[in-house]
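So you can see what is in the structure, the chains are spelled out below.
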Amino acid sequence: VQLVESGGGLVQPGGSLRLSCAAAGFTFSYYGMNWYRQAPGKVRELVAGITSAGGSTNYAGSVKGRFTISRDNAKNTVYLQMNSLKPEDTAVYYCHARIRGTSYWGQGIQVTVSS
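Residues numbered from 1 in each chain as written. Predicted model: local features only at pLDDT ≥ 70, side-chain atom pairs only at ≥ 80, totals over all residues. Heavy atoms only, no water.

*Asks:* Hey, could you run me through the packing of aromatic side chains in this one?
*Replies:* We describe a pair of aromatic rings using the distance from one ring centre to the other and the angle between the two ring planes. Counting across every chain of the model gives five aromatic pairs. Residues Phe26 and Phe28 carry aromatic rings whose centres are separated by 6.2 Å and whose planes lie at 55° to one another, so their mutual orientation is tilted. Residues Phe26 and Phe28 agree in their burial class; the two are buried. Here the aromatic residues Phe26, Phe28, Tyr30 and Tyr31 are joined through ring pairs into a cluster of three or more. A cation over an aromatic ring shows up here: Arg71 above the ring of Phe28, its NZ or CZ 4.3 Å from the ring centre. (Phe/Tyr/Trp six-rings, centres within 6.5 Å; stacked < 30°, edge-to-face > 60°. Buried < 20%, exposed > 50% of the residue type's maximum accessible area, 1.4 Å probe, protein only. Lys NZ or Arg CZ within 6 Å of the ring centre and 35° of its normal.)

*Asks:* What exactly am I supposed to notice about the environment of Leu46 here?
*Replies:* Its location among the elements puts Leu46 in strand S5 (residues 45–50). Put simply, Leu46 and Leu10 are 36 residues apart on the chain and 21 Å apart in space, counted from C-alpha to C-alpha. Those residues in contact with Leu46, other than ones at most four positions away along the chain, are Asn34, Trp35, Tyr36, Asn58 and Ala60. (Helix = DSSP H or I, 4+ residues; strand = E, 2+ residues; numbered from the N terminus. Contact = heavy atoms within 4.5 Å.)

*Asks:* Looking at this structure, I do not really get the sheet that holds strand S3 (residues 17–24). What am I missing?
*Replies:* Strand-to-strand pairing in sheets goes through backbone hydrogen bonds, with the strands running parallel or antiparallel. Spatially, S1-S3-S8-S7 is the arrangement adopted by the four strands of the open sheet, whose pairing is antiparallel. Across the chains shown, the open sheet's two edge strands, defined by having one partner strand only, are strand S1 (2–6) and strand S7 (67–72). Strand-to-strand twist of the sheet, defined as the mean angle between neighbouring strand axes without regard to direction, takes the value 15°. As defined by bridge partners, S1 adjoins S3 across five bridges and the pair is classed as antiparallel. Residue pairing across strands places Gln2 opposite Ala24, the latter belonging to S3. (Pairing = 2+ DSSP bridges. Axes fitted to C-alpha atoms, helices over the stretch in contact; angles between N-to-C directions.)

*Asks:* Can you walk me through the nonpolar core in this structure?
*Replies:* With 31 residues, the main nonpolar core has Phe26, Met33, Trp35, Val78, Leu80, Met82 and Tyr93 as its most contacted residues. Looking at this core, the element that brings in the most residues is strand S9 (residues 91–99), giving five residues. Setting aside residues no more than four positions away along its own chain, Met82 makes contact with Gly15, Ser16, Leu17, Leu19, Arg66, Phe67, Tyr93 and Val111. (Core = buried A, V, L, I, M, F, W, Y, C linked by side-chain atoms within 4.5 Å.)

Read these as spatial facts, not as claims about activity.
Rendered as structure tokens:
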């Protein structure tokens, strides 16, 4: 299983970024996918999740209405569109899949929101 994030970087408050996670090594369309984040000194938290076919999503309260998770099963890719970014969104963002009881993580990608 491989999960590779891309699209992070530095953005000003109020700006937008789109993260991508390219998946390989498993049947992507069978599994729900998640995005987590971990800020310095804080525990890793679930940001958003999406079901295998993309029919249902869930969000942390702190990002609801600003972030959108989506997926393209033809491209084996899950996305996180982040709008109206705030300094408190600064963190390392991780792509996650739970496959047959085992959690798999991407390497993480830095998102920094700062003026």
